[in-house]
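# Chains, contacts and geometry: an overview
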Amino acid sequence: MRSMRSTRRALVAGGAVLVALLAGLALAALAGAGPATTIGALAEGMAGTPYAIGKSLNTAAVLMLVGAGFSLAHRAGLVNVGGEGQLCAGGIAATAVGTTLPAATPALVGVPLTLLAAFTAGGLWAAIAAVLLVRRGTSEIITTLLLNFVGLALVTLMVHEPTLLRQPVTSSETLPQSAPLVDGAHLPLLGVERSPATVAILLALIATAVIGVVSRHTPAGLRLRALGQSPAAAARLGVRAGPTRVVALSTAGAFAGLGGGLLVSTAPALLAEGFTSGFGFAGLVVGLLAGGSMLALTAAALLLAFLTSGGINLQLVAGVPSTTVAIIQSLIILLIAATATWAAGKKATR
Amino acid sequence: MMLTQILVSGLGLALPLLIAAVGELVSERAGVLNLSLEAMMLTGAFTAVTGTVLTGSAWLGAACGLCGGLLVGLAQTLLSVRLRADQIVVGVAANALALAATTFGARLLLDGDRGVTGFERLPIPVLADVPVIGPVLFAQTALGYLCAGVVLVTGLLLGPRTGWGLRIDATGEDAGAADWTGLPVRRIRALCILLTSALAGLGGAQLALSEVHAFSDNMTAGIGYLAVVAVIAGRWRTPGTVVAAVAFGVAQALQYALPAAGVGLPPAVLTMIPYLVAIVAVSGLAGASRAPSCLTVPFARA
Amino acid sequence: MGLLVLEDLGRSFGPVRALHGVSLTVAPGTVHCVLGENGAGKSTLCNLVYGGFAPTTGTMTLRGRRYRPGSPAQALAHGVAMVHQHFSLVPTMTVEQNLLLGGRGLRLRKADLGRRLERIAGEFGLTVPRDALVGDLPIGARQRVEIVKALLPGPDLVLLDEPTAVLDGPEIEALIATCRAVAASGRSVVLVTHKLGEVAAAADEATVLRSGTVAGGGPLAGDASVPRLLALMLGRDPDDLDPAVTAGLGVRVDVATGDATDVDAATGDATVGDAAAERAGGSAGREPVLRVEGITLGRAGRTRILADVSLTLAPGEIVGIAGVEGNGQSDLVHVLSGATRADAGTVHLGGVDITRATPARRTALGLGVVPEDRHHEAMVGAMSVAENLYLARLGDFRRFGLLDRRRLDTAAADVIASFDIRTSSPRTPMGSLSGGNQQKVVLAREVAIPGLKVLIAAQPTRGLDVGAVDHVLARLRAVAAGGVAVLVVSSELPELLALCDRIHVAYSGRLLGPVPAGGERAADEIGALMTGAGRSAAAPANEETGAVA
């Protein structure tokens, strides 16, 4: 029974990715690029150069963090649609800390401080939705969603106002973005030649592993699952629903916030409008694709990250709008959602 | 004068939001949450502009807008009613898909030619000259009047005191009981979603053809979400939903009206306002009422 | 010729055969009983006839024509109506709105509805409060609405699925009278039940289902048929069972001869309280371990759910709470378990005030609860049996901070063996077990609470087959014999009479009594309290609720 279900789930995930990729090829053809050109451009953008690979790995790290957080909250029966806003909160906090640290701060101090600020800010941002859920019964889906818009606007505000985080305005040419973070707040590179890959991917792998172990192999993880599956029974068995929900959703937000911190502390190491690049949404896709398995989560994050890098190259080289990748992502979710009932082994609707 | 200005542009933005919200209210009463409302509106706006450009007729364009919304509605129906997919997940994904697909489509079909004449304002003689109320209510475009009429008719025909309204409410309150009573639960839900999507598509067309007179990427920018929130803030009742929708519309209009009036708030703060208002509205008011019991719960017999 | 003829009907769910080879004929103008214990396939049969789902084998014929309803709507169109076990009324709507739901078109035809309601009132003596909110109605009145709703379209065949499970004596009598009146008007009634007593009183003919197929049946000849039907239904010797089990079926077993006779369906009068009477002497005068004082619970702007409820339990005694459902007993259990906070009153457990304690604290102090709603409150269906057994005590199975699954499974295997839980392994998902085995898991978990002082069991035998009922009742007795105070909330009065030392009655949010269970007239006294007859003596009635009925 269980093995049939996991087989079906893997089949669905694989099939959805395949169908969506084929649809992407068709769209590219519509835009005037033949399959050979498209695949070539995609492949080169994805893994053609050490630079491309490094970029993709950095992106994958962020997606893994957002996705792992989503999975954790989902285990407790919560749907965190607020990845985008939490990335923003994390990015803002990291920038605030990273630009105010003394210029001579060593990386051993600067990086942890910056990332801790991002982690905390993301958690607090999500805690708003969590507290409203527990106190007022407001659906966390609606609040996390609305908070995305607020978070994005907050970034705009931060980088436009000189009194906030905007870099010193010297001329009318000064871009609306923050000053660069001090060197000590930059994420160290992995050290692979000509690759921009940072330690972000290692951090993300560790975080994902920890979340995986905690949610499957500890009493706390089981209690979280019980709460998600059956709130009333969990309460009867001593799980305190309110505090547990707040912790779960805040932790999800904190991991997304950490992702935001990683984004701004990677070159060019500054905060600008649109710095989240829709990774909040892509992270949600990763979480949904994974269905609770951390291994699948890592694979899905890598896939989407490489696709994203490939998509950018696709626009540059073949003139296919990079939104094609967004179309592929959303098609994947729709296909998985459509087959969820079947994958769960339930009776099909007549 | 300033107040009139805010109200005029406020109602201008409120009308698309209002027609979508009134449609969404019907769906939610039947037990289906369409977060994809944003997708329906954006697709509606895109197909309306494209249709107008291709046919040269604003009315045919508006019809295309309605059909664009319906297209998303069909997908939502297939997924959430027929295949019992998670309504929230489908909604979020449909919005992302619509955003990407319309952006893609606009590059392909509309490049360089995104503006349309659309609909002209048609002030109703005498009424439009009444101070404040006149320009606010009686100087809409033909499509605007149509939208207002549709809102009114929907409210009257599907209100909780009609046979149709009663059966819709039963479907959303207790789908199992409705089924045992012999009501075609899935068909009722499908029709409600299709109605919602047609109205939302029309709302998108109204936004594009009567207000903005163009299509721009992500031009709905969250209006669809606000329409969903308006239903919650309006406690699943028509009058409340209308009030909330208009309030959100006015909050949106402040973005343009306040700078014009010389109020020196940063634009980003103004962008936030409608969403902050929405968060306060759902958390402050929703607690006092109850959503339809079967909202977001797919129906399957036995 | 029969109105409805079923031939070789069967229905499978995956590998499970819920029903197979069922043939029966319902004659026009008769009451046909389908009898069987829980899990015998009765509800599946109803679903097939009412279009809930399609049969996998066999055919149905209605008025000589092939009958294949694809939905309840089609069944209704063919003149088949059903009164559902869990009601098909929308609780947030008024009675009138519910009755109007079956109509068509935009207009609400209230005048037409009024005329038809008058006709039903004239023909069957059934009246309903049109403007009352269904959710506010007592269960009996709700069932009347349900029956009126079924009769409104003028059906030829009315199915009633376990209609008496939630009714008290007089209401059951009224229901049986209604069935007879409907049959007398030329329509057919199919009464589906597991209570033999009602069959004898109401039916012209009976079909007994056992393990998904027909075990026997035929025309009824009054009480004489009862022993034969009982044997058919159980498929085993009734003497092997706890007398409380057979009492719950509406049958009294004379232990000396093994002969079964039916009991008065209205009161469930059974003389099986001897064991309880013996035990009652021993526990009297001991210091109470659970003391409930003045518990009051309100609903915003409406009726009071619980009004000044007080109760004491001494170690080793079994106290029952009888009463028709919806009189506040479920809410009392929620208050005691910590799921709901009372507006006023106190609860003491072993001298400690637990009025505001969390469920976890209550468990730590020795309170076990077997909740009424097993699927939502007692278990997590997607988690394993082992996890369900130890969810509250996972801390005991930690090694280096991680969960030691092997130790967890070993511990669970012991419990599974000692409670005779039928499961393939400790890691089997709880949701895939049968209802009886699920209940055993829940009971095993609650009984194993360290330092257990009080066990509360709410409707502990509901929906279980006879074997499981037997097991659960034996466990409850054993727990009490071990010095634990046991509180049993049940709508099965005969079961309570056989099990308890004394019995309270929940009526309109108050607790009436107690009545000693061993007394000669115990059943009559409790029956009277259940209809509110004794309320003026015990306590003033809750007026708002009374007015609705």
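Residues numbered from 1 in each chain as written. Chains lettered and ligands numbered in written order. Predicted model: local features only at pLDDT ≥ 70, side-chain atom pairs only at ≥ 80, totals over all residues. Heavy atoms only, no water.

### Some thoughts on the overall build of chain C
Rule in force here: Secondary structure counts use DSSP, requiring at least four H or I residues in a row for a helix and at least two E residues in a row for a strand, with both numbered from the N terminus. Exposed residues in this analysis have more than 50% of their type's maximum accessible area, buried residues have under 20%, and partly exposed residues fall in between, with area computed by a 1.4 Å probe over protein chains only. Contacts are assigned to residue pairs that have any heavy atoms within 4.5 Å of one another. Methods summary: accessible areas were calculated by the Shrake-Rupley approach with a probe of 1.4 Å, and residue burial reflects only the protein chains presented.
Within chain C, the regular secondary structure consists of 21 helices and 24 strands. A total of 549 residues make up chain C; the buried ones form 56% of that total. If you take every contact in chain C between residues at least 6 apart in sequence, the share linking residues at least 24 apart comes to 67%. As presented, chain C carries roughly 21300 Å² of accessible surface, and 50% of it is formed by carbon and sulfur atoms.

### Looking at the interface of chain A and chain C
Counted only if it meets this: Computed with a 1.4 Å rolling probe, the buried area is the accessible surface lost when two parts are put together, summed over both parts. Definition used for salt bridges: Asp or Glu carboxyl oxygen within 4 Å of a side-chain nitrogen of Lys or Arg. Any pair of nitrogen or oxygen atoms within 3.5 Å is treated as a polar contact; in protein, a donor-acceptor pairing is required on top of that, and neighbouring residues in sequence qualify only through side-chain atoms on both sides.
Listed per partner, the contact involves 19 residues of chain A and 32 residues of chain C. Summing the contributions of chain A and of chain C, the shared interface buries around 2100 Å²; its carbon and sulfur component is 60%. On the chain A side of the interface with chain C, the three residues burying the most area are A:L222, A:R236 and A:L237, jointly 35% of the side's total. Salt-bridge contacts for C:E446 lead to A:R236; the nearest nitrogen and oxygen are separated by 2.9 Å. Linking chain A with chain C are 7 residue pairs in polar contact (both at pLDDT 80 or more). Where the side of chain A that touches chain C is concerned, the elements lending two or more residues are α7 (200–217), α8 (219–229) and α9 (231–236) of chain A. Of all the elements, α8(A) adds the most residues to the side of chain A that touches chain C, at 6 residues.

### Structural notes on helix α6 (residues 140–160) of chain A
Residue and element names in this part refer to chain A. Rule in force here: The span you would expect from a helix comes to 1.5 Å times its residue count less one.
For α6, with 21 residues, the first-to-last C-alpha span of 30 Å sits near the 30 Å given by 1.5 Å per residue. For α6, the tally of buried residues reaches 17 of 21 residues, placing the bulk of the element in the interior. Between the side-chain oxygen at the start of α6 and the backbone nitrogen of I141 there is a gap of 3.1 Å, and the oxygen is on S139.

### Quick word on the nonpolar core
Convention followed: The set of buried Ala, Val, Leu, Ile, Met, Phe, Trp, Tyr and Cys residues whose side-chain atoms join them within 4.5 Å is what this entry labels a nonpolar core.
Within the largest apolar cluster, 164 residues are counted, with the highest numbers of intra-cluster contacts made by A:I332, B:L35 and B:F215. The residues touching A:I332, leaving out its near neighbours within four places in the chain, are A:A16, A:V17, A:A20, A:L289 and A:L304.

### Some remarks on the packing of helix α3 (residues 58–82) of chain B against helix α9 (residues 185–212) of chain B
Residue and element names in this part refer to chain B. So the rule is basically this: Here an axis means a line fitted to C-alpha atoms, over the contact stretch when the element is a helix, while the angle between two N-to-C directions is reported on a 0 to 180 degree scale. In this scheme the handedness of a crossing depends on how the near helix is turned from the far one: anticlockwise by less than a right angle means left-handed, clockwise means right-handed. When residues are grouped by polarity, Ala, Val, Leu, Ile, Met, Phe, Trp, Tyr, Cys and Pro land in nonpolar, Asp, Glu, Lys and Arg in charged, and all others, Gly among them, in polar.
Running from N to C, α3 and α9 cross one another at 145°; their axes reach a closest spacing of 7 Å. Classified by chirality, the crossing of α9 by α3 is right-handed. Across the contact of α3 with α9, the residue classes tally to 13 nonpolar, 9 polar and 2 charged.

### Some words on the sheet that holds strand β21 (residues 454–458) of chain C
All names here are of chain C. Stated formally: One requirement defines pairing of two strands: DSSP has to find at least two bridges between them.
With mixed pairing, 6 strands are arranged side by side in an open sheet as β18-β21-β22-β15-β23-β24. Of all strands in the sheet, those with a lone pairing partner are β18 (367–370) and β24 (510–516), marking the two edges. On average, each strand axis in the sheet is tilted by 20° relative to the strand beside it, whichever way the strands run. Looking at chain direction, strand β15 (residues 318–322) and strand β23 (residues 502–507) are connected through 4 bridges and run parallel. Following the sheet pairing, G320 is matched in β23 by I503. Set on the sheet, helix α17 (residues 466–481) makes contact with β15, β21 and β22 (485–489); between it and β22 the angle comes to about 150°.

### Regarding unusual backbone geometry
Glycine aside, residues mostly have negative phi, and peptide bonds are mostly found in the trans state. Of the consecutive residues A:A267 and A:P268, the connecting peptide bond is found in the cis state with omega at 10°. Position of A:P268 among the secondary structure elements: in the loop between α10 (241–264) and α11 (279–290). Note the cis peptide between C:G513 and C:P514, where omega equals 5°. Position of C:P514 relative to the elements: it lies in strand β24. One non-glycine residue, A:S277, lies in positive phi territory at about 50°. Phi is positive for C:E162, which is not a glycine, with a value near 45°. On the accessibility criterion, C:E162 (6% relative accessible area) is buried.

### Overview of the pattern of salt bridges
Where charged atoms from two side chains of opposite charge approach closely, those side chains can pair. Within the structure shown, the criterion is met by 22 salt bridges over all chains. A salt bridge links C:R116 to C:D112; its shortest N-O distance comes to 3.8 Å. Here C:R116 pairs with C:D112, and both are found in helix α4 (residues 110–124), just 4 residues apart, close to one helical turn. For C:D404, the salt bridge identified is with C:R407, shortest N-O distance 3.3 Å. Relative accessible area serves as the criterion here: at 12%, C:D404 is assigned to the buried category. Assessed through its relative accessible area of 38%, C:R407 is described here as partly exposed. Look at the salt bridges and you will find they share partners, linking A:R236, C:R445 and C:E446 into a network.

### Examining the sheet that holds strand β16 (residues 344–349) of chain C
Residues and elements named next belong to chain C. Across the sheet, which stays open at both edges, the 4 strands sit in the order β14-β13-β16-β17 with antiparallel pairing between neighbours. Whereas interior strands pair on both sides, the edge strands pair on one side only; in this sheet they are β14 (304–313) and β17 (352–353). Sheet topology places strand β13 (residues 290–298) next to β16; 5 bridges connect them, and they run antiparallel. Across the sheet, residue T296 finds its bridge partner in β16, namely A344. Along the sheet, helix α11 (residues 329–337) makes contact with β13, β14 and β16, crossing β14 at roughly 65°.

### Some details on the environment of C:L297
Residues and elements named next belong to chain C. Turning to its location among the elements, L297 is positioned in strand β13. The exposure class of L297 is buried, given its relative accessible area of 7%. Spatially, the C-alpha atom of L297 lies 9.3 Å from that of G328, the residues being 31 residues apart in sequence. The residues contacting L297, other than those within four sequence positions of it, are R304, I305, L306, D331, V335, T340, R341, A342 and D343.

### Focus: the interface of chain A and chain B
At the interface, 39 residues of chain A touch 42 residues of chain B. Between chain A and chain B the total buried area reaches about 3500 Å² when both faces are included, carbon and sulfur atoms providing 79% of it. Taken together, the links from chain A to chain B amount to 0 salt bridges. The interface formed by chain A and chain B holds 2 residue pairs in polar contact (both at pLDDT 80 or more) in total. Elements represented by at least two residues in the side of chain A that touches chain B include exactly α1 (2–30), α5 (107–136), α6, α11 and α13 (323–343) of chain A.

### Topic: helix α19 (residues 522–530) of chain C
Rules: It is the directions from the helix axis to the C-beta atoms that the arc portrays.
Along α19(C), the residues classified as buried are C:A522, C:A523, C:I526, C:L529 and C:M530. The buried side chains of α19(C) occupy one side of the element, clustering within an arc of 125° when seen end-on.

### Brief notes about the confidence of the model for chain C
Residue and element names in this part refer to chain C. As a reminder of what qualifies: As a per-residue measure, pLDDT tells how confident the predictor is, with possible values from 0 to 100.
The predicted model of chain C averages 83 in pLDDT, with 88% of residues at 70 or higher. When the elements of chain C are averaged for pLDDT, helix α21 (residues 543–548) gives the smallest value, 37, and β22 the largest, 96. Across residues 253–261, where pLDDT falls below 50, the model places 14 contacts with residues more than four positions away in sequence or in other chains. Ignoring residues within four places in sequence, the model shows residues 263–283, a span with pLDDT below 50, making 41 contacts including any to other chains. Across the interfaces of the predicted complex, the ipTM metric reaches 0.88, alongside a pTM of 0.86.

### Considerations on the packing of aromatic side chains
The description of an aromatic ring pair uses the distance of the two centres, along with the angle that the planes make with each other. Operational definition: Here a Phe, Tyr or Trp ring, Trp counted by its six-membered ring, pairs with any other such ring whose centre lies within 6.5 Å, and the pair is stacked when the planes are under 30 degrees apart, edge-to-face when over 60, and tilted otherwise. Cation placement over rings: the criterion is NZ of Lys or CZ of Arg within 6 Å of the ring centroid and within 35° of the ring normal.
For the structure on display, the rule yields 8 aromatic pairs over all chains. Ring centres of B:F46 and B:F215 lie 5.3 Å apart, and the angle between their planes is 70°; this geometry places the pair in the edge-to-face category. Note that B:F46 is positioned in helix α2 (residues 37–55) and B:F215 in the loop between α9 and α10 (223–233), a separation of 169 residues in sequence. B:F215 carries the same exposure label as B:F46, and that label is buried. Among the aromatic residues, those joined into a ring-pair cluster are A:F149, B:Y225 and B:Y275. Its guanidinium or amino end placed over the ring of C:F419, C:R475 lies 3.7 Å from that ring's centre, counting from NZ or CZ.

### Remarks on the pairing of β18(C)
All names here are of chain C. The alternating pattern of β18 places L367 and V369 on one face and G368 and V370 on the opposite face, and all of these are buried. Across 4 bridges, β18 lies against β21 in parallel orientation. Residue pairing for β21: L367 is matched across the bridge by V454.

### Section: the side chain of A:T323
Tracing the backbone shows A:T323 in helix α13. Of the residues examined, A:T323 reaches a relative accessible area of 18% and is grouped as buried.

### Remarks on a nonpolar patch on the surface
Residue and element names in this part refer to chain B. What counts is decided by this rule: Each patch is built from salt-bridge-free residues with over 30% relative accessible area, joining like charges within 9 Å and nonpolar side chains (Val, Leu, Ile, Met, Phe, Trp, Tyr) within 5 Å.
A contiguous nonpolar surface patch, about 530 Å² in accessible area, is contributed by L3, I124, L127, V130, V132, I133 and L137. Relative to the helices and strands, V130 resides in the loop between α4 (87–109) and α5 (133–137). When its relative accessible area of 35% is taken as the criterion, V130 is described as partly exposed.

### Looking at the state of the cysteines
Residues and elements named next belong to chain C. The condition is simple: Two cysteine sulfur atoms make up a disulfide if the distance between them is within 2.5 Å.
Tallied over the full model, the rule gives 0 disulfides over all chains. C46 forms no disulfide, and the closest cysteine sulfur to it belongs to C33, at a distance of 11 Å. In this structure C179 is a free cysteine whose sulfur lies 8.2 Å from that of C33, the closest cysteine sulfur available.

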